[in-house]
Structures are given as structure tokens and as C-alpha cells.
Amino acid sequence: MKIAVIGAGIIGITTAWELAADGHDVTVLERRSAAAEESSFANAGVVAPGYVTPWAAPGMPWKVLRHLANRYAPVKIGALLSASDMAWIARWWRACTPARYQAARASLQKLAFYSRERLHAITADLQLEYDRSDGYMVLLRAESDRKLIQPSLDVLKEAGVAFHELDEKGARRIEPALSADTGLFGAIHLPQDEVGNCRQFALLLKSECQRAGVVFEFNKAITHVRPVTTHTGVAVKLADEPVARAFNAVVVCAGLGASDLLKPLGVKVPMAAVYGYSVSAPIREPIDAPLSAVMDERYKVAISRMGQRVRVAGSAELGGRADQHRNSSIQTLYKVLQDWFPGAAIQSSGVQIWKGARPMLPDGPPVIGPCAVPGLWLNLGHGSSGWALSCGSARALADLIGSQTAAIDLSGFGQSRFA
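Residues numbered from 1 in each chain as written. Predicted model: local features only at pLDDT ≥ 70, side-chain atom pairs only at ≥ 80, totals over all residues. Heavy atoms only, no water.

Asker: Talk me through the packing of aromatic side chains; I want residue IDs and the actual numbers.
Answerer: Inspection of every chain in the model, using the stated rule, returns 10 aromatic pairs. The interplanar angle of 75 degrees and the centroid separation of 5.4 Å between the aromatic rings of Tyr-130 and Phe-201 together place this pair among those described as edge-to-face. Here the residue Tyr-130 occupies a position in the loop between α4 (98-126) and β5 (132-140), and Phe-201 occupies one in helix α8 (residues 198-211), the gap between them amounting to 71 residues. Taking the relative accessible area as the measure of exposure, Tyr-130 reaches 9% and is therefore buried. Under the relative-accessibility criterion, Phe-201 is labelled buried at 0%. One aromatic cluster is present, built from ring pairs that chain together Trp-55, Trp-62, Trp-88, Trp-92 and Trp-93. The ring of Phe-247 has Lys-2 lying over it, and the distance from NZ or CZ to the ring centre is 5.2 Å. Above the plane of the ring of Tyr-275 lies Lys-355, whose end atom (NZ or CZ) is 4.6 Å from the centre. (Phe/Tyr/Trp six-rings, centres within 6.5 Å; stacked < 30°, edge-to-face > 60°. Helix = DSSP H or I, 4+ residues; strand = E, 2+ residues; numbered from the N terminus. Buried < 20%, exposed > 50% of the residue type's maximum accessible area, 1.4 Å probe, protein only. Lys NZ or Arg CZ within 6 Å of the ring centre and 35° of its normal.)

Here it is as C-alpha cells:
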């Protein structure tokens, strides 16, 4: 089939790869001038399937409200929320029930484990080399943090995830550069999890896609998508072309930009921009830097080793704009880095500060599959777990498009749940 993929982030590129591997004629249309320029650009890079859980959890709204007055709060809400933001919050609040949380968590973790398998398979088959390292450790500052994390440990046990509960000495043996000046009660080590540079992987896979015949077109603004009336298919109208292009199928992987394309078609996908921040800096002394990735449980900030750089990522900010940086969120990242690895990074030059929008759905799982418009497929709304879910989402969707049975049950990922 002749298929268009809209969006060249990690979701769009992995989707294009899987479709091309199945023999389809694939064109990727991207509004930016290069691939992986938005949510995929500088995220934390953590691939930890056991920790992929929905925001919509019982008690979560009250936790968010309690955080609002805290300067270093992991979750922040903008002062001027739009009507769509308020509607999204209402949907999210209603999704925070035990039954919906259990179902969403099971769906997400099933996809996350499958996606890690696909990531490893693609990396091995194509011999891709990108900045990555094995192991992920959650740092606990006090016994109170250990008590708060217990429900997460129960989830890991239920999912069969390998982890080790460590005391302070055990944690420092795995990450010897952890500062002795910061109190450390213990840690949770997940040896099978990993960290990797999402954008590097995306660009490497893009090159493999091109070798497989995929065409990438950049700086392509799409005005609308419509069903083709004369035959089965979908038309894509580009702003710089007078006539719409016809495809047998179109896969929308455009993140937040998808809403403007889908709304005129009556396809509801209630995404919100939940912004995250990262600071990336060159390593000063390798002996003072992390070996892999750690996450500060109290502040929900991850510190990752990215080759010769350290990346500190965190915060979840609802409301606002991508070009407006909240200073307190950035200062939280610097604080956590200073607490745990004070000599790791050169902060006087070469520092990259990034703010990216995570396209998040109120109940947690992304939308993967068809919608009411024939020939139009969706791969959207992966939130903060796009990197961790990308390879599995792409393979599962390619199976559906090829009328094959997907390797995992996709019943929890349909767009119809928002109809």
C-alpha cells in the first residue's frame, strides 16, 4: 500500500520503519525542518517498563494539589489554563478510579515490555550504535520515601519485574559517584532497565528507513486530511501544494498537532500538553558522573548518562507555552544534580536547556489503531513514555494495517473510548 505517516518524531519514524519492513510504500511528512525536533529531542531517555504507569491513579489529584505550594514540586499547573486544559483535567480526574487505573496500567505495561523487546531486536538487527547504558536506580532520601514507593514495588512484583532493594552502601556500589553529602536512605535497582538517547536512535533509524525506500519530506504544513470520495483512501492537503495527495492509508503520529487535523473529521483524541524540562551538559570528570541512570523519587527527576554528557530531566507542567520557561522547574533540575553528582557536569558552557510538550491523554494509554474515517490510523498520545513505548506501538500498528494479529492485545488502546 501507499501510506503517508504524518510526523517524524520517535513514534513516526518507528512506524515508518515497521511499515517499510512489511513492504509498504511509505512517505513521512513533517512540519519541522528535521526529524525528532519536538518531544523526542532531549527527553530523559529512560526505558523502564515497570515504571510506565498512568497519571490517572487513585489519590493522584490530591497529591498534585498538595504539591502546588512546593517550590520544587514535580508537578506544576500554570496560572492561565485554557478551556481545553480545564476539560482535560476534568476527564483526568474522572479517570482516577481504581478500576480504570488497574486496566490502564496493565495495558501500558504490557505495551512497554513488548516495546523494549522490539527496541532490542531493531538495535541488534540493524547494529545501531547510540549512547545507552544498562540499569536504572530509584534513589530514596528517607524512610518516608520508602513507604511512599511501596505501592510501586507491589506493581513491579505483580508484573514480574526484576528489582533489588538496596541500602545506602549497596546503592553507592552501583553508582559510586553519588555524593556523600546528601542523605541516602536506600534505593531500588532495576538491572534490566536502561537509558538511551532517543533522538540519536531516531536519526539512525531514519537513515535505515531511507535505505529501505522511505521518503522523508520536511517543512510540510498539512492543512487538512480528508477521505477520498472516488475510491478507498485518504487525501492529504499540503499548504505548499495546490492539489491534495491521495494515499491508500494515512497514519497520524503528529503528537499535539494531530488535534487540528482530526477535529474537523469528528475524531476525538483529548490530548493535553504536559511540559517537561531537561538540562544537558558536558561531563567534567567521568569519575564524578553517573554510570547509567538514577531517579530521585522525591523530586521525580532523572539523571542520565548520555555518552559524554549528563542529562537531568523532570517536571510535569500543565498549561503555559513551550517557549516560556518556568525558572523554578529548571532550578529543581540543577538542585537534584548538585545533590547527587555535584562535580559531574560543566555548567559554564555547552549547556542545553530544553522544554518539550508531552502529548498526554487523560486516562494514560495512547491511541493505537483505526478510527471512524476509513484508511485513517492513529498512533498518538504516548505522554512522557513515548521513547519507552515507540517500537512496540509501531509494530502493533503495522500488524493491524497489514491485517495481521498484533503480538499484544490492543483492546485498551482504541480511539473509540473517547467517542
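Asker: An account of the layout of surface pockets is requested, with residue identities and associated values reported.
Answerer: Empty space within the second largest pocket amounts to approximately 590 Å³. What lines the second largest pocket is a set of 20 residues, among which Ser-84, Ser-259, Val-269, Pro-270 and Met-271 lie closest to the centre. Element by element, the count of residues in the lining of the second largest pocket is highest for helix α3 (residues 83-95), at five residues. Taken together, the residues that form the lining of the second largest pocket break down as 10 nonpolar, four polar and six charged. (1 Å grid on protein atoms, 1.4 Å probe; cavity = no way out; pocket = protein on both sides within 12 Å on 5 of 7 lines; lining within 4 Å. Points joined across faces, edges and corners; volume = space filled by probe spheres on them. Nonpolar A, V, L, I, M, F, W, Y, C, P; charged D, E, K, R; others polar.)

Asker: Tell me about the nonpolar core, residues and numbers included.
Answerer: Residues Leu-19, Val-26, Val-28, Phe-201, Val-214, Val-251 and Trp-387 are the most contacted members of the largest nonpolar core, which totals 48 residues. Looking at this core, the elements with two or more residues in it are β1 (2-6), α1 (10-21), β2 (25-29), α4, α8, β12 (249-252) and α11 (386-401). With eight residues, the single largest contributor to this core is α11. Excluding its chain neighbours within four sequence positions, the residues that come into contact with Phe-201 are Ile-10, Thr-14, Leu-119, Ile-122, Thr-123, Leu-128, Tyr-130, Trp-387 and Cys-391. The next biggest cluster of nonpolar side chains, apart from the first, holds 26 residues, and it includes Leu-139, Ala-177, Val-279 and Ala-344. (Core = buried A, V, L, I, M, F, W, Y, C linked by side-chain atoms within 4.5 Å. Contact = heavy atoms within 4.5 Å.)

Asker: So what about α1? Which residues, and what values?
Answerer: A rise of 1.5 Å per residue sets the reference length of α1, with its 12 residues, at 16 Å; its end C-alpha atoms lie 16 Å apart and thus fit the reference within 8%. A large share of α1 lies buried, amounting to 11 of its 12 residues. Of all the residues in α1, the buried ones are Ile-10, Ile-11, Gly-12, Ile-13, Thr-14, Thr-15, Ala-16, Trp-17, Glu-18, Leu-19 and Ala-20. Count one or two residues on from α1 and you reach Gly-23, which has phi positive near 95 degrees. (Expected span 1.5 Å × (residues − 1).)

Asker: Account for the sheet that holds strand β8 (residues 215-217), with residues named and values stated.
Answerer: Pairing between the strands of a sheet is mediated by backbone hydrogen bonds and can be parallel or antiparallel. Within the open sheet, the six strands sit side by side as β8-β2-β1-β12-β19-β18. Their pairing is mixed. Looking at the sheet topology across the chains shown, the edges are occupied by β8 and β18 (367-370). Looking at each pair of strands side by side, their axes are set apart by 15 degrees on average, direction ignored. Of the pairings in the sheet, the one linking β12 to strand β19 (residues 376-380) comprises three bridges and is parallel in character. (Pairing = 2+ DSSP bridges. Axes fitted to C-alpha atoms, helices over the stretch in contact; angles between N-to-C directions.)

Asker: Describe the packing of α1 against α8, with residues and values.
Answerer: Between α1 and α8, the shortest axis-to-axis distance is 9 Å and the interhelical angle comes to 30 degrees. Viewed along their axes, α1 and α8 adopt a mutual orientation that is roughly parallel. Both α1 and α8 take part in a crossing whose hand is left-handed. Where α1 approaches α8, its residues Ile-10, Ile-13, Thr-14, Ala-16 and Trp-17 are matched on the opposing element by Cys-198, Phe-201, Ala-202, Leu-205, Lys-206, Glu-208 and Cys-209. (Parallel < 35°, antiparallel > 145°, perpendicular 65-115°, else oblique. Left-handed = near helix turned anticlockwise from the far one by under 90°.)

Asker: So what's going on with the pattern of salt bridges? Residues and values would help.
Answerer: Considering all chains together, one arrives at 27 salt bridges under this definition. A salt bridge links Glu-18 to Arg-118; its shortest N-O distance comes to 2.8 Å. Of this pair, Glu-18 sits in helix α1 while Arg-118 sits in helix α4, placing them 100 residues apart in sequence. Glu-18 sits in the buried class, given a relative accessible area of 2%. Residue Arg-132 pairs with Glu-194 through a salt bridge whose shortest N-O separation is 3.2 Å. (Salt bridge = Lys/Arg side-chain N within 4 Å of Asp/Glu carboxyl O.)

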